[in-house]
Number of protein chains: 2
Amino acid sequence: MISMETAICQLFKIDYPIIQAGMAGGPTTVELVVEVSNAGGLGTLGAAYMPPGALQQAIKAIQSATAKPFGVNIFAAPVQDDFSRLEEVQKALSPFRSQLKIQEIESSYQSPDWSEEQFNICVEEGVPIISTAFGCLSAGQMKTAKEQQIKIVVMVTTVAEAKLAEASGADAIVAQGSEAGGHRSSFSLDRHPAGAQIGTLSLVPQVVDAVGIPVIAAGGIVDGRGLVASLALGAQGVQIGTRFIGSKESGAHKAYKQALFKSNEESTVVTKSFSGRPARGIKNHFIEKFEQTGIVPLPFPSQNTITKDIRAAAAKADDPEFMSLWAGQSTRSLTEEVAAAEIVRTVVEEAKVILG
Amino acid sequence: MISMETAICQLFKIDYPIIQAGMAGGPTTVELVVEVSNAGGLGTLGAAYMPPGALQQAIKAIQSATAKPFGVNIFAAPVQDDFSRLEEVQKALSPFRSQLKIQEIESSYQSPDWSEEQFNICVEEGVPIISTAFGCLSAGQMKTAKEQQIKIVVMVTTVAEAKLAEASGADAIVAQGSEAGGHRSSFSLDRHPAGAQIGTLSLVPQVVDAVGIPVIAAGGIVDGRGLVASLALGAQGVQIGTRFIGSKESGAHKAYKQALFKSNEESTVVTKSFSGRPARGIKNHFIEKFEQTGIVPLPFPSQNTITKDIRAAAAKADDPEFMSLWAGQSTRSLTEEVAAAEIVRTVVEEAKVILG
């Protein structure tokens, strides 16, 4: 018997097993998080690229707008810059800067390393749920989280990673199938150079069979069909990212939303060209031309740091051809802006109809 | 309300919406097809590599062993050999032949072109269901099929292909997600050089929304969870391949079955190295070393034709490292041989429990 009252609803104290993915880089505004949580799902702030001060402010703003639980998503991978091949990669980036009429101004770079501070702020501010990508919290952080009764969620792409996450003390796991938009959460790029790409329908039951903690399905879920399917596979909830990119409250650039609404299941590719880590996004001029150069991007986050000015200029010029248009494979039905609360409501209603 | 009594059950006149995939090259023995059909599913003979005489014999054997419906799967792509780069590719294959202690005996090759004859035999012998990979039947063949009330099923990997299949007159569509083992059914390798790789959970609802004929989900489905999930996504049935490879009645080599039982969700890759067309299989010595050469395989079916002796020698030597070990991404739960009828029964029972 499939029920929407799952272990994840109990664990997170939410009405519906719908988690809005904590997408870094702008889409997850305070309003989006608040609307999703107020609608009975779990809103999640994508904090990975947020300076600590801005994160603290955003958390306070969320807390003042809702009494409901919410999550904050951070990256759990050490920041290890490597600019040794900077010159070579800058050469490959230079045509893009010319096209955008900007100049390479910096000669030396350093990526910010905020994850420790971000975690501490979440603890101080009493964030109820913290989720991580790329790996697990440190033992010390996990101890702190347990003491503060913060629930920890780890996103994984393989069964082996799920076991590591469970062993680290995680309270729940997000099983990220290959359909998912944005960064692949694979822990080791040595083991999975392009990120592990196991389909959601395949990954979820295999993770469910391997761990004793609740599993949240992610990747390709945009409606009630995906929710019920995920529950049938043994998941206790779903994480939805791409559909919320197109929500009214999303902070995604207008041109990004328009590209999303025009895209279909054939539009995306997995690329390292923007950040140095494999991520799924809508194929555009930047991805195509950068990959044609054959130049290997710098490792994450260095590549992300040096392409920042290009993405900023693209945003200013309303030009989606140079933006990172992260999106999953289920975009055909997304054709216009919808309020986040309406998305939650619709997914729940659709699921209820399917369950009869 | 999810029900196992679907439009596919009515169309194919079967008890359960479970189609055993028509895997070419040996796994789908007469016994396997008969057992699956007798258990209430739809057994399918993978006839693509079968000489017309052998096909006719197999069809007659199936018909004498069961009165239930069954299917025959053929390739619907023109055979266009191209051996212009033969010498270069043979050089890359020569270390494998040395390792297997065989010699390159032929200096000229020609791939058999049986699909027309195969189709005609199916019509003559009154096969109730014909399914195709790589494309649709010709208009003439479709007309013949309609006249004979043969049901036609086309396997697709994108929405655009699904629309082509529907327009060709197909009675049902198999939506093949990226999890699926064996050849990607993508119609055009110009458009999808590595085959379209859209996850099953993402592809199925988008195909369902786009066509008016019943859709069968394929890719990563091995149990009742996958069946119910597929029905929730809007499919009217499922196609299961990999799990039947490991069935008692499967004709897969013993070493192939053992490799399957030891594999997990990280074991497979999509490769053109065996056949020239992208296909998902368990990574082994042959795939790894051939791809390391950087030599582009000949196009399909020429590459398949020239690697035949290597695969035959590997079979003789019980060496899975040189066999094409086609498999999907859901192999963790497959650990030993199970009777095909038991597989059908178990999947149905599991689904019933989930549906409550």
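Residues numbered from 1 in each chain as written. Chains lettered and ligands numbered in written order. Predicted model: local features only at pLDDT ≥ 70, side-chain atom pairs only at ≥ 80, totals over all residues. Heavy atoms only, no water.

Caption draft 1: Quick peek at the pattern of salt bridges. Going through the model one piece at a time under the given rule, you end up with 26 salt bridges over all chains. One salt bridge in this structure joins Lys143(A) and Glu147(A), with 3.2 Å as the shortest N-O distance. Taken as a pair, Lys143(A) and Glu147(A) lie in helix H6 (residues 139–147) at a separation of 4 residues, close to a single helical turn. A relative accessible area of 56% places Lys143(A) in the exposed class. A salt bridge links Asp209(A) to Arg225(B), with the nearest nitrogen and oxygen atoms 2.9 Å apart. A residue pair is termed interchain when its members come from two chains, as with Asp209(A) in helix H8 (residues 200–210) and Arg225(B) in helix H9 (residues 224–232). Counted as one network, the salt bridges with shared partners bring together Asp209(A), Asp223(B) and Arg225(B). (Salt bridge = Lys/Arg side-chain N within 4 Å of Asp/Glu carboxyl O. Helix = DSSP H or I, 4+ residues; strand = E, 2+ residues; numbered from the N terminus. Buried < 20%, exposed > 50% of the residue type's maximum accessible area, 1.4 Å probe, protein only.)

Caption draft 2: Molecular detail of the pairing of strand S5 (residues 151–156) of chain A. Residues and elements named next belong to chain A. Most of S5 sits out of view: 5 of its 6 residues are buried. Bridge count between strand S4 (residues 129–133) and S5: 4 bridges; the pairing is parallel. By the bridge assignment for S5, Ser 131 is matched with Val 153. With 4 bridges connecting them, S5 and strand S6 (residues 172–176) associate as parallel partners. Paired with Val 154 across the bridge in S6 is Ile 173. With helix H7 (residues 159–168) bridging S5 and its parallel neighbour S6, the resulting β-α-β unit is right-handed. (Pairing = 2+ DSSP bridges. Right-handed = clockwise from strand over helix to strand, strands pointing away.)

Caption draft 3: Spatial organisation of the sheet that holds strand S7 (residues 182–183) of chain A. All names here are of chain A. Read from one edge of the open sheet, 3 strands run S7-S11-S10, paired in antiparallel fashion. The open sheet has two free edges, formed respectively by S7 and strand S10 (268–271), since each of these has just one partner strand. Here S7 runs beside strand S11 (residues 279–282); their pairing, made up of 2 bridges, is antiparallel. Along S11, the bridge assignment pairs Gly 182 with Arg 280.

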